[in-house]
Amino acid sequence: MKIYEATWSEVAEHLKRVDIAILPMGSIEQHSLHLPLSTDSYDAEWVAERVYERLREPKPLLLPPLHYGMSLHHMAFPGTVSLRPETLEAVVYDICVSLVHHGVRKIVVINGHGGNRAAVSNAAAKVKWRTNALVVWVDDAGRDARMKLVETPGDIHAGEYETSTSLANRPGAVRAERIKKPNLKPYSDALAFDSVAGFHFRTDEVTDTGAIGDPTRADPEKGKALWEATIEDIVRVVESLRDVEVDIVWREW
Ligand SMILES: [Zn+2]
């Protein structure tokens, strides 16, 4: 059931049959010279719709996407709109607690933007403590296919991967004539984008176009295969949650 198309009484009836909700999340942030700011949000919603179509009945509750994310690292590029990490954490927490209040016990966040991960994880920890509900986030679906198909090392933003997936699901939005390999200057070998170390960076410190990766290697066929693997992975995660029993236990802090 798509929550935004239902009435409250329809939601009440539906929640007697299914206790899973799906929340797509993205960002409004620069995606180099050739992809729109909405890439992550569009993709999260697009993939959530495809996942939803393939899920068994009774379908989980599908929420509208959260368009804004944590994109502070991209703020040097005009158009980027960022929530602070604590704001995003609070928004995700409030959405989840609202759902649990109505009878949802398991929530799957389809996260289209890596920068949201820490806030979602923190919110999930707090929801678990406060309600005992399970919040699962998926932002690495299709990983096996990506390792096999994407040739550019450290291709994390608006590069080979994301340009391929955009060519596959929204070709009209890709400014093909502006696809350009960026000049990258990672901080050091140990802080390269495929490093074992984690760190925060400002995108404009490390790339001239905003891309981190190589969009000139993008290919729509690759994008189609990456989407298919992503959708399959997420469907498997959601279906596997149906039989997970979660007892809601409300705790004061
Ligand atoms: Zn993106």
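Note that this is a predicted model, so its numbers are computed, not measured.

Q: Where do I start with the overall build of the protein chain in this structure?
A: The number of helices and strands found in the protein chain is eight helices and four strands. Mapped in sequence order, the helices and strands of the protein chain form the string α-β-α-β-α-β-α-β-α-α-α-α. Here the C-alpha radius of gyration of the protein chain, 19 Å, is about what a compact globule of 253 residues would show, namely 18 Å. Considered along the principal axes of its C-alpha atoms, the protein chain spans approximately 55 × 40 × 30 Å. Taken over 253 residues, the protein chain has a buried fraction of 51%. Taking the intrachain contacts of the protein chain between residues at least 6 apart in sequence as the baseline, contacts between residues at least 24 apart amount to 78%. When the accessible surface of the protein chain is summed, it comes to about 12400 Å², and 54% of that surface belongs to carbon and sulfur atoms. Counting 30 positive and 38 negative side-chain charges, the protein chain places the centres of these two groups 1 Å from one another.

Q: Is there a simple way to explain the sheet that holds strand β3 (residues 106–111) in this structure?
A: Sheets are built from strands that pair by backbone hydrogen bonding, the pairs being arranged parallel or antiparallel. In spatial order, the strands read β2-β1-β3-β4; together these four strands make up an open sheet with parallel pairing. Each edge of the open sheet is held by one strand with a lone partner, namely β2 (61–62) and β4 (134–138). Sheet analysis places β3 next to β4, joined by five bridges and oriented parallel. Bridge assignment links Val 109 to a residue of β4, and that residue is Trp 137. Its contacts with the sheet put helix α2 (residues 39–54) on β1 (20–25), β2 and β3, and the angle it makes with β1 is roughly 150 degrees.

Q: Is there a simple way to think about the coordination of the zinc ion in this case?
A: Reference values for angles at a metal are 109.5 degrees in the four-donor tetrahedral case and 90 or 180 degrees in the six-donor octahedral case. All of the protein donors around the zinc ion are His 31 (NE2), Asp 40 (OD) and Glu 162 (OE); their distances to the metal are 1.8 to 2.1 Å. By relative accessible area, Asp 40 is classed as buried at 2%. The exposure class assigned to Glu 162 is buried, which follows from its relative accessible area of 9%.

Q: Can you help me understand the packing of helix α6 (residues 160–169) against helix α8 (residues 220–241) in this one?
A: Packed helices, taken two at a time, are described by their axes: the angle between them and the distance between them. Running from N to C, α6 and α8 cross one another at 90 degrees; their axes reach a closest spacing of 7 Å. Relative to α8, the element α6 is oriented roughly perpendicular. Taking contact as the criterion, the partners of Glu 160, Tyr 161, Ser 164, Thr 165, Leu 167, Ala 168 and Asn 169 in α6 are, on α8, Pro 220, Lys 222, Gly 223, Lys 224, Leu 226, Trp 227 and Thr 230. Considering only residue class, the contact of α6 with α8 consists of six nonpolar, five polar and three charged.

Q: Help me understand the pattern of salt bridges, please; the structure alone is not making it clear to me.
A: Overall, the coordinates contain 18 salt bridges when judged by the stated rule. Notably, a salt bridge pairs Lys 222 with Glu 160, separated by 2.7 Å at the nearest N-O pair. Within this pair, whereas Lys 222 is found in helix α8, its partner Glu 160 is found in helix α6, the two being separated by 62 residues in sequence. Looking at Lys 222, the relative accessible area reads 12%, which means it is buried.

Q: What am I meant to see in α2 here?
A: An α-helix turns once per 3.6 residues; consequently, residues spaced three or four apart project the same way. With 16 residues, α2 should reach 22 Å at 1.5 Å per residue; the first-to-last C-alpha distance of 23 Å fits that figure. Along α2, the residues that are buried comprise Thr 39, Asp 40, Ser 41, Asp 43, Ala 44, Trp 46, Val 47, Ala 48, Glu 49, Val 51 and Tyr 52. For α2, the elements touching its buried residues are β1, β2, β3, α6 and α8.

Q: Honestly, helix α4 (residues 117–131) in this entry has me stumped. Any pointers?
A: A rise of 1.5 Å per residue sets the reference length of α4, with its 15 residues, at 21 Å; its end C-alpha atoms lie 21 Å apart and thus fit the reference within 8%. Contact partners of the buried residues in α4: β1, α3 (85–101), β3 and β4. Asn 132, located one to two residues past α4, shows a positive phi value of around 70 degrees.

Q: In this structure, what is going on with the packing of aromatic side chains? I would like to understand it.
A: Inspection of every chain in the model, using the stated rule, returns three aromatic pairs. Seen in terms of ring centroids, Trp 46 and Trp 227 are 4.9 Å apart; in terms of plane orientation they differ by 50 degrees. Their pairing is tilted. Residue Trp 46 is located in helix α2, and its partner Trp 227 is located in helix α8; the two are separated by 181 residues in the primary sequence. Residue classification places Trp 46 among the buried positions, given a relative accessible area of 16%. For the pair Tyr 187 and Phe 199, a centre-to-centre distance of 6.0 Å together with 75 degrees between the ring planes defines the contact as edge-to-face.

What counts as what
- Residue positions are counted from 1 within each chain, in the order its sequence is given.
- Owing to the predicted nature of the model, reporting of local features is limited to residues with pLDDT of at least 70; listing and counting of side-chain atom pairs is limited to 80 or more, with chain, interface and lining totals taken over all residues.
- No hydrogens and no water enter the side-chain calculation; it runs on all heavy atoms of the structure.
- Helix and strand definitions follow DSSP, with helices as H or I runs of at least four residues and strands as E runs of at least two, each counted in order from the N terminus.
- Within these notes, the globule rule equals 2.2 Å times the number of residues to the 0.38 power, and the radius of gyration is based on C-alpha atoms.
- Any residue under 20% of the maximum accessible area for its type is buried, any over 50% is exposed, and the rest in between are partly exposed; the area is computed with a 1.4 Å probe on protein chains only.
- Note on definitions: a residue-residue contact is assigned when non-hydrogen atoms from the two residues lie within 4.5 Å.
- Method for areas: the Shrake-Rupley scheme with a 1.4 Å probe, in which residue coverage is limited to the protein chains shown.
- In summary, the charge assignment counts Lys and Arg as positive and Asp and Glu as negative, without counting His or the chain termini.
- For charged residues, the charge sits on one atom: NZ in Lys, CZ in Arg, CG in Asp, CD in Glu.
- Pairing between strands requires that DSSP locate at least two bridges from one strand to the other.
- To define axes, lines are fitted to C-alpha atoms, for helices over the stretch in contact only, and angles between the resulting N-to-C directions are given on a 0 to 180 degree scale.
- Only nitrogen, oxygen and sulfur atoms within 2.8 Å of the metal, or 3.2 Å for Na, K and Ca, are treated as donors, and water is left out, so sites may look incomplete.
- Convention used here: angles under 35 degrees read as roughly parallel, angles over 145 as roughly antiparallel, angles from 65 to 115 as roughly perpendicular, and any remaining angle as oblique.
- Gly counts as polar in this scheme, as do all residues outside two lists: the nonpolar Ala, Val, Leu, Ile, Met, Phe, Trp, Tyr, Cys and Pro, and the charged Asp, Glu, Lys and Arg.
- A carboxyl oxygen of Asp or Glu within 4 Å of a side-chain nitrogen of Lys or Arg is what we treat as a salt bridge.
- Each residue after the first adds 1.5 Å to the expected span of a helix.
- Here a pair means two rings of Phe, Tyr or Trp (six-membered ring of Trp) with centres within 6.5 Å. Their orientation is stacked below 30 degrees between planes, edge-to-face above 60, and tilted elsewhere.

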